[in-house]
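These are the residues of each chain, in order.
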Amino acid sequence: KEIADYLKGFTEEKDPRKPSKRGVADKLSNAVFENAEKFSKELVPFLEVDEEYQYAILRGFKDACKKKKPFDWENVLNFINKIINKTEFWEKDYNDFNYRDWIVSESASLVEEGVKEDNYFFEISLIDKAKEILLKLGNNTKAELFKSDDIITSVLNSVKGTIYSTMIWLSFKIAKTIKKEETDKWDSDIKQFFTKNLSEPSDELLVVIGEYLPWINSLDKNWLNENLDLIFDKDDEEKWKSSMSGYLFYSDKLYKDIYLKLKEHNNYEIALTKQLKSKSADQKLVQHICVAYMHNIEDISKKDSLISKLLNNKNPKQIEEI
């Protein structure tokens, strides 16, 4: 309470020899990291401090999580929930730093860190609370994607990309712990969220779905089959490039069933004639076809095979990659 009162009363001076608000926030984040368990026991006083400090607190917990430091996950999740349940949190206008987006991104990242490690995961009883937070963030966040030459980098550093990625991680954790004996392993609420948002998908959603396509296939193969043409929408070239770039960029391993699905729907053939939104994705496209050829999935003696079409393209960059 004393620290929260100090933060509420702190005024930054223009004297460079005096503490700045950013400096105080950094010290707060370090304090939370060093004493995560202590801070997690009494977070209510920090509901009234500036958002810059709330962001710093969440960053401290995330850093503590990475180092596997124990703290009260239930209190931390309740803290996040109370922040994002305030109407003014979503309605506030920002002239400079948008700390709402920072808090949203850090909240999702913290949950993701909590579910990544099998030996360091908040209690199964808290899964619904974590899911509630992610769905609330997903339904309310209006953050815009920062455009760059590489769509993967843009989504990786985006607020929505972080939320969607964490939803997949949580889905996989639920599948491994709660639904491991069930045929349909994908959590119904998260699956419904993805289905709904596929009607008007953002680039962030498409890149993340592409990235985790093998995971989604293992969670619910029927869902992927039913929505494949929405994910890889050939009627919208820019959206199609986003999902295909996301899929290829992250696919270090060739999954035969997914390869054949995408081939059947002509996605690989189309990609051969397009420049994707990531140089690495263009390279992975060639790698996939070459690996498929090495495993006798592609037949070089057939003119309509992808390996033959790849060679007949006579594209210097593709030939170099071969």
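The structure under discussion appears in the preceding block.
## Comments concerning a negative patch on the surface
Inference 1: Taken together, the side chains of Glu 37, Asp 72, Glu 74 and Glu 123 present a region of like negative charge at the surface.
Inference 2: Positionally, Glu 123 belongs in the loop between helix H7 (99–116) and helix H8 (127–140).

## Quick word on helix H11 (residues 188–197)
Every α-helical turn comprises 3.6 residues, leaving residues that sit three or four positions apart pointing alike.
Inference 1: Among the residues of H11, Ile 190, Lys 191, Phe 193 and Phe 194 are the ones counted as buried. The arc enclosing the buried residues of H11, seen along the axis, measures out at 155°, which places them on a common side. In H11, the exposed positions angled more than 90 degrees off the buried face are occupied by Gln 192 and Lys 196.
Inference 2: Those residues of H11 that are buried lie in contact with H8, helix H10 (159–177), helix H12 (203–211) and helix H14 (221–231).
Inference 3: The backbone nitrogen of Asp 189 lies 3.1 Å from a side-chain oxygen of the residue at the head of H11, namely Asp 187.

## Section: a nonpolar patch on the surface
Inference 1: The grouping of Tyr 293, Met 294, Ile 300, Leu 311, Ile 319 and Ile 322 at the surface amounts to a nonpolar patch, some 540 Å² of accessible area in total.
Inference 2: By secondary structure assignment, the location of Ile 322 is in the segment after helix H20 (316–321).
Inference 3: For Ile 322, a relative accessible area of 43% puts it in the partly exposed group.

## Concerning helix H18 (residues 279–294)
Inference 1: A rise of 1.5 Å per residue sets the reference length of H18, with its 16 residues, at 22 Å; its end C-alpha atoms lie 23 Å apart and thus fit the reference within 8%.
Inference 2: Residues of H18 that are buried include every one of Ala 281, Lys 284, Leu 285, Val 286, His 288, Ile 289, Cys 290 and Ala 292, and no others.
Inference 3: Two or three places before Ser 280, at the opening of H18, Ser 278 has a side-chain oxygen 3.3 Å from that residue's backbone nitrogen.
Inference 4: Remark: Asn 296 follows H18 within two positions and exhibits a positive phi of approximately 65°.

## Quick notes on the packing of H7 against H10
Inference 1: Two elements in contact, H7 and H10, have axes separated by 9 Å at closest approach and are oriented at 25°. Taken as axis vectors, H7 and H10 run roughly parallel relative to one another. The handedness of the crossing between H7 and H10 comes out as left-handed. Contacts from Asp 101, Val 104, Ser 105, Ala 108, Ser 109, Val 111, Glu 112, Val 115 and Lys 116 in H7 reach Val 159, Thr 162, Ile 163, Ser 165, Thr 166, Trp 169, Leu 170 and Lys 173 in H10.
Inference 2: For the contact of H7 with H10, the per-class residue count stands at eight nonpolar, five polar and four charged.

## Quick look at the layout of surface pockets
Inference 1: There is about 670 Å³ of room inside the largest pocket.
Inference 2: Residue assignment for the lining of the largest pocket shows that the elements contributing at least two residues are helix H4 (51–66), H7, helix H9 (151–156), H10 and H12.
Inference 3: A per-element tally of the lining of the largest pocket places H7 first, with eight residues.
Inference 4: Partitioning the lining of the largest pocket into residue classes produces 14 nonpolar, ten polar and nine charged.

## Description of the packing of H10 against H11
Inference 1: Closest axis-to-axis distance for the H10/H11 pair is 10 Å, and the angle between their directions is 145°. Crossing of H10 over H11 shows left-handed handedness. Two secondary-structure elements touch here, H10 through Tyr 164, Met 167, Ile 168, Leu 170 and Ser 171 and H11 through Ile 190, Phe 193 and Phe 194.
Inference 2: Grouping the amino acids of the contact of H10 with H11 by side-chain chemistry returns seven nonpolar, one polar and no charged.

## Topic: the nonpolar core
Nonpolar side chains in soluble globular proteins tend to end up buried together.
Inference 1: Counting 100 residues, the largest nonpolar core has Phe 61, Phe 194 and Tyr 268 as its most contacted members.
Inference 2: In terms of residue count, the dominant contributor to this core is H10 (nine residues).
Inference 3: Those residues in contact with Tyr 268, other than ones at most four positions away along the chain, are Met 244, Tyr 247, Leu 248, Leu 254, Tyr 259, Leu 262, Lys 263, Leu 285, His 288 and Leu 306.

## Comments concerning the side chain of Ser 109
Inference 1: Here Ser 109 shows up in helix H7.
Inference 2: Residue classification places Ser 109 among the buried positions, given a relative accessible area of 16%.
Inference 3: Once residues lying within four places of it in the same chain are set aside, the contact partners of Ser 109 are Lys 62, Thr 162 and Thr 166.

Parameters at a glance
- Residues numbered from 1 in each chain as written.
- Predicted model: local features only at pLDDT ≥ 70, side-chain atom pairs only at ≥ 80, totals over all residues.
- Heavy atoms only, no water.
- Patch = residues over 30% accessible without salt bridge, like charges linked within 9 Å, V, L, I, M, F, W, Y side chains within 5 Å.
- Areas by Shrake-Rupley, 256 points an atom, 1.4 Å probe, with all protein chains shown as cover.
- Salt bridge = Lys/Arg side-chain N within 4 Å of Asp/Glu carboxyl O.
- Lys, Arg positive; Asp, Glu negative; His and termini not counted.
- Charge placed at Lys NZ, Arg CZ, Asp CG, Glu CD.
- Helix = DSSP H or I, 4+ residues; strand = E, 2+ residues; numbered from the N terminus.
- Buried < 20%, exposed > 50% of the residue type's maximum accessible area, 1.4 Å probe, protein only.
- Arc of directions from axis to C-beta.
- Contact = heavy atoms within 4.5 Å.
- Polar contact = N/O pair within 3.5 Å; in protein donor to acceptor, adjacent residues only side chain to side chain.
- Expected span 1.5 Å × (residues − 1).
- Axes fitted to C-alpha atoms, helices over the stretch in contact; angles between N-to-C directions.
- Parallel < 35°, antiparallel > 145°, perpendicular 65-115°, else oblique.
- Left-handed = near helix turned anticlockwise from the far one by under 90°.
- Nonpolar A, V, L, I, M, F, W, Y, C, P; charged D, E, K, R; others polar.
- 1 Å grid on protein atoms, 1.4 Å probe; cavity = no way out; pocket = protein on both sides within 12 Å on 5 of 7 lines; lining within 4 Å.
- Points joined across faces, edges and corners; volume = space filled by probe spheres on them.
- Core = buried A, V, L, I, M, F, W, Y, C linked by side-chain atoms within 4.5 Å.

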